[in-house]
Each structure stands twice: as structure tokens, then as C-alpha cells.
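So you can see what is in the structure, the chains are spelled out below.
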Amino acid sequence: MRNPLLFMLCLLIGLIFFFEKDVHGQSLSEWLVYFQSEKGYSLFMEKYGDRVKDQEKGKQWVVKALFTKEEIDEIQKLSIVSKVEPNYQKSLASSIFNDPFFSQQWGINKIDILSVAPEFHERNILLGKQIATSQGAMAYEGQPLHTLSFSILSEEEMKLSRLSVTVDHVEGLWTLKVMDENGNVLAQNSGNLSTLDVLLPKNKTYKALQIDIQTNRWEKLPVITNMTAVNHVLVAVIDTGAALHKDFCGNVLHSLGKDYVHPGRLALDDHGHGTHVTGIIAACANNHEGIVGTAGFAPVDVVPFKVLDREGTGGDFEIAKAVNDAVSMGADVINLSLAGKGKTLVLEQAVQNAIQHHVVVVAAAGNWGSSLQDVYPASYPGVIAVAAVDENNQIVPYSDYGWKLDISAPGENILSTYINNEYRTLSGTSMATPFVSSVAALLKATDPRLDDIQIRKRLFESAEDIQEKGYDIHSGYGVVQAAKAIHLPYSEAVDWLTIKSGQPISFSEQQLLGISKGLIGKDVYVFIDDQLVEKRNVEDRLLSFALPNVPSARNEKKLTVVGADHAGEVAAFDERWVNSTSSASASFSDVPPSFWAYEEIQTAYREKWINGFTDHTFRPNALLTRRHAVMMMNRLFQWRPQQIRSPFLDTPLTLAGAVPIYAAYGQRVVKGYDDGHFYPERFVTRAQMAVMLARALKLSENSFSGTPYAFKDMEGNFAYYAVQQLADKGIVTKQPYFRPNEFLTRAQFAAMLARTYQYMLNKK
């Protein structure tokens, strides 16, 4: 060949083609390929231009391209290529936060804050807006303002929650007044701090604001050194107050705090506890100072309320006043890192007032290492009670426990701000509580539509399970997880405020159900063991129920709540078991240990797929009805219904098992008959069950790619492929005859469910 260069390129193409076949599926990496001349670069681009992502033409010709390791080994042998290098990746030498003590804040990592921190940004909405004074107008860019009366003008509507003004000096009391364009006072605040804050009415927007600053006989008029307007979530920290700390930014609103120990004073901390709690939430991020607050990088404000004295004690009356004042102030979250024995009506009513106003109330479980049955405010209905874990996700020994507990968070050796501009490491459920409050605030900042019921449900559903499977009385639903909670899809919510999963309940007592505000005017349905016990139109966010004691073969009962609109579309769903017993084995009088499916039936009972009958029999050889089959499958697969209206003519909502049938229909597991009926009491054939299980497992019922088993009675049967799929997975046994037209017994189906469960576990 006359052109050796062309020959080399052709050879390379063949080698690459061969390699791509051999290395199919290998990952591509970025490589830098250098050339000695423009001609070599051009020849390369003709053949591999689709692999090239960028190029640089300077002293050398170099491209950034994607190749496998085997491909690049051949490319670097080409005479036109002078050098090949990996495109080495670099990252910041520091972490996402530059706060010097950040590396000691193990709790930040434990609740997965770092992965969501970049999603939040604080901004001063006033930047770029027009400032109009008697001397003229200018764009505000943070410059000093030598005027005490002016207007803020915006071409676009401004949605604001808070406005703050800082002056260069203070000679005494001064007042910040904010008015709308018509001169109506929106908010005002007086004090002798250099920064005064005002909270603006929620859910309003403004194109113009009038600002008026009043001083009383000051020798020198102040200069405005900073002015900030934001739309932030508001957290009330009801504690020992908060000190003025170098690591607090403008997001700790001292000028709005209240002191109930010494009325009329600022809510300044003379103990240290409240400053520590406040820092866990709001310490300034990326200020090269101290620590970073769990929500200190986000649009979150904190107002301190001092109800505990320098000894760390205070009464329910003062705490209740602070809770009510926080609600009136417009708080989205209330943090109560305090606990004690005894219940009072005044504090209970204050907490209920907060919940009625959609405020998330978070409280410490207490540090006595005993039951929190009589510990308040954590035990009031609707309060999120928080336990403490250490760095190894172990519940600390002193953390209180019980059915009132909801969730856990880091609480051992937590570094945070302290009085006198110090930092201290403290431990306790008091430290765990602000981690949960912070995540609640981040949820609200992410989606302002979320109310307290939606937020608590997200917190619980996304928590990291650390002890017994599901809820337990020591860790609650698990350790709070910020990223998982934030990234859950939006939905309405229902949540029992007085019932946890597994909790023993008295059916004579009233139980409280929380309803998210989007369900007001819609319907709520309550089921026990898939039997409808009550339907109610939602007129209030808190509904009280006296649950009936539905007869059952087992002590445990499945409690299901469905929220739906009047067209039957499901908007919210909750399911939990109550009255769980410690016994994990069934005692059916007609299933002795020698019975062929004894172990499978025990598994089905332990996993709550079967109940049996009230006479303590299972009736293993009885034929299985379509209704019971779907109910058992639904308990394994845990389908949620999409509709609360029946897709069939013969499955009304009053039918026990109706909702599982609706859910199975929504999953396309059951289809019913051509005449519009489901025929719930008909028996199920083995072929029909094979098809339903294949659909439930998302296996093809129309093809099978493996080696088929030679069942002698399946050729041409509608369930042929479904049976082959299940046989391949070990769910049906490989015997000469499958007997597709025989009716299935209850024992046979329990065995099939147990094998299905094992297959699902192995697949995970």
C-alpha cells in the first residue's frame, strides 16, 4: 500500500471494530489524545469525530474523546498520535462548607444533608430593586443608604416573609416600620439592636413598600449599612433563648425574640442550651467561622423564645404562651428541646392550636431512659417526639422510649454554638430534636404547599430503619433522612396521631387522625382487616374515631385509611397493623407440624398474609376463593389502590376485601369477566393463579426465553408461559403434571406465596 498512514488507520478501524465486539458493555472514559500535526488530527477526526467531545488547537493538537481502555491501547500505537493521557478529574480541595469545625459535625452526614445542600440558595430579594428617596432613585446593590424614609419599587411582584434593616450605630431605641404602597402599616418593630427585623403577612406579594425609620433624640442620624428582604421558612426555638453569637447570621432574628422569664427583655441565653439548639439549626454556613447549621445554608429563619431560666427550668404556662405566640407570628416549625413529667390543659391546647394552623411541632423525648408515657410535650397527640442516636446508629441508653416516640436523630457528642461566642459538645434528645426540625424546615422550603401532616408523613416514610423492621418503640420509624424526605413525590396525606404500627389499642378509646389540608371536602374511608367500618366527609384536619373491634382470627388487625375525592380517585393512603402480639407462630387446630405445608403456612401467618378463621382453623384443604386469593396477594405485594370505586358490578366497597381487589385491578393483576363481574366467591384454578402471580411479578405471560419444563398437561393452555415462568423461579414445583384446571387449595396457595416471597428476597 502506497500510503502507510492510511494503512495504519484502516488497520485501526478493523481492530476497533473487533474490540467493540469483544468488549461489549465496557464503560467509556474520557481520554486526551495528542497529535503531531494538523494532518494527523484531521485524519483522526474523519474517523472518530463522533467520539470527540472537545478539542484544543494550540502548540499541540489535542482532543477530548470517549474510548474504552482496550480501544485507547490501540489508538496510542498510531504514528499520528504523539501522546495519550486520561482526562484526570479534580475536585475542590475543601468540602461543600468552609466552616472550620464542619469535619466534627458527624450528625450532618448521618442525616444526609450534604447531598441536598446544593439545592438551596439564599438570596436578598431587594438586590437590583429601585430605591426611591426625595433626592431621586437608584438600584439597591447593598450600598449604604443615608436616608430614613424611602420606597422600594419592583417591576415584578415580590413575595416576602421578612425584611431586616441594619444601621451603623445605635444610641437607644429605634423603630422600623414597613408600609404598603397605600401607606397601610404591614409590620413594625422597635428595639436597641443594630438590626431590626419585621415579619410580613404570608401569601401576599408586593410591587412597592414604604420604609420608615424613627429615632428618638439621637445625636447622630444612623446610616443603613444593610437591608435584606427574603421569603423564608420560620422556625421558633422555644428554649433558654439564644445568645448573640459570631456564628449567627441574619437568619437568627434576635429582635423578634421574646423573653417569658423576664418579660420585656430580649430572648438572650444565660444558660447555653438554647444557643446550642439554635446553632444546630441555623449556624451560618460558609462564613469561615465555627460550624454549619443543619439548615444554615437554606432559606430558613429562627426566632428564639426564652421560657427556661438560667437553671434550664420553666413552666407549662410560659411554654404554652410561647407556642401560641409562635403560631401568631407565623412559625412553620416549632422546636421544643425540653421535656418533663406532667400534662397540663394549657400546653395541650397550645399544641393543638399549632397543629390546627399546620405548624410542625417537634419535641425531645426526654433523657430518663424510661417510658415517655407521661413525658410532655412529646406525648401530646400530633407532636413529633425525637429519640437520640450515637454515631453508630445506636439508641443512646438515656433516650426515652414508648409508643409516643416517632423518629430518631443524632444526639450524642453534638458540637454547636454556645454562649460567650464559644462552641460546646453536648448530648441528649434536646440535640436530636433540632435535626428533625431542620429537615422539616427544609421540606417546607422545598415545597411551601406541604403542611404538617404531609411533612410528618414524609419524615416517617423516609427515615432509615435501624432496629426492628418498621416502627419500634426505641427508634420510632428510624433516623431522619433529609435527601430521601425531600425527594419523595408530592401527595396528600393521612396519619394517625395516636396510633403507631404494632401498637396495642383500646377499641373503646377515641383515636385521632390527621388530614392534610388538600383533603378538606373530600372523603376518608377507614377499614379494619379490609372491611369498611366508616366513611366520613372531611370537614376538619383532625378527625376523631372510635374504632370497632372487628372479629378476627388473630390479635393483630390491619388498619387502612384511604382519602379520595368524590370521583373515587385515591389521594392519600395509610396502612398499619395494631395490637401486634409477640407470638410469631400460628396455632391452627387443623394444621399439625406433620402437615406437608406446615412451614409455609407458618411463614404466611408470620408475614401476615393469612389470618385463618375465628374458630382457630386454617382449613388448608378448603378451596381458595378469588376474593381471598387477592386479599392474600395484596398483603404480600402491598399494592395501593388508585380508585375507591369498584371496577366490577359485584365488588361493592362494603365487601370485605374490596380495596385489595380494586388495587389488584389497578395493577392489572386481575381483569374480571366479560360480563363486568369479578365473581369474588368463585374458586381459583391453578392456571388462573399462575397467571395472576406472573402478572404480579411483572413476568411475561406470552413468552419464555428459558428451557421449558415438559409439563404433560400444559400444551396449548392459556397459562402455559406463566407456569413456565413460575417453574423457572421455583414458585411452582416441576412435576409431570401441573393440573391447570384443578381448583387451588388454601394450603397450596400459602406454599406458592412463601416461595414467591423467597424469590423476591433472593432477587433483591
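Residues numbered from 1 in each chain as written. Predicted model: local features only at pLDDT ≥ 70, side-chain atom pairs only at ≥ 80, totals over all residues. Heavy atoms only, no water.

Another point: the packing of helix α6 (residues 316-329) against helix α7 (residues 345-356). Two quantities define a packed helix pair, namely the angle between the axes and the distance from one axis to the other. Packing of α6 against α7 brings their axes to within 8 Å, and their N-to-C directions diverge by 15°. It follows that α6 is roughly parallel to α7 by the angle criterion. Considering only the axes of α6 and α7, their crossing is left-handed. Contact with α6, carried on its side by Asp316, Phe317, Ile319, Ala320, Val323, Asn324 and Val327, involves Val346, Leu347, Ala350, Val351, Asn353 and Ala354 of α7 and no other residues of that element. Split into classes, the residues belonging to the contact of α6 with α7 amount to 10 nonpolar, 2 polar and 1 charged. (Axes fitted to C-alpha atoms, helices over the stretch in contact; angles between N-to-C directions. Helix = DSSP H or I, 4+ residues; strand = E, 2+ residues; numbered from the N terminus. Parallel < 35°, antiparallel > 145°, perpendicular 65-115°, else oblique. Left-handed = near helix turned anticlockwise from the far one by under 90°. Contact = heavy atoms within 4.5 Å. Nonpolar A, V, L, I, M, F, W, Y, C, P; charged D, E, K, R; others polar.)

Assigned domains within the protein chain: domain 1 (29-86), domain 2 (99-122 + 231-490), domain 3 (126-230), domain 4 (491-584) and domain 5 (597-762). Here domain 3 and domain 5 have C-alpha centroids that lie 68 Å from each other. (Domains from an automatic or database assignment.)

It is worth spelling out helix α2 (residues 38-48) at this point. The set of residues buried in α2 consists of Gly40, Tyr41, Leu43, Phe44 and Tyr48. Seen along its axis, α2 keeps its buried residues to an arc of 165°; they face one direction. Exposed side chains of α2 directed beyond 90 degrees from the buried face belong to Lys39 and Glu46. (Buried < 20%, exposed > 50% of the residue type's maximum accessible area, 1.4 Å probe, protein only. Arc of directions from axis to C-beta.)

Its place among the elements puts Arg746 in helix α16 (residues 746-763). No salt bridge is formed by the buried Arg746; its nearest oppositely charged neighbour, Asp590, is found at 7.5 Å. Polar contacts involving the side chain of Arg746 include one to the main-chain carbonyl oxygen of Phe618, which spans 2.8 Å. (Lys, Arg positive; Asp, Glu negative; His and termini not counted. Salt bridge = Lys/Arg side-chain N within 4 Å of Asp/Glu carboxyl O. Polar contact = N/O pair within 3.5 Å; in protein donor to acceptor, adjacent residues only side chain to side chain.)

All right, on to the packing of aromatic side chains then. Tallied over the entire structure, the rule returns 28 aromatic pairs. Arranged with centres 5.0 Å apart and planes meeting at 55°, the rings of Phe35 and Phe44 form a pair that is tilted. Exposure remark for Phe35: the relative accessible area of 2% places this residue in the buried category. Taken together, a centroid distance of 5.1 Å and an interplanar angle of 80° make the contact between Tyr720 and Tyr721 edge-to-face. A cation over a ring is seen here: Arg626 above Phe678, with NZ or CZ 4.3 Å from the ring centre. (Phe/Tyr/Trp six-rings, centres within 6.5 Å; stacked < 30°, edge-to-face > 60°. Lys NZ or Arg CZ within 6 Å of the ring centre and 35° of its normal.)

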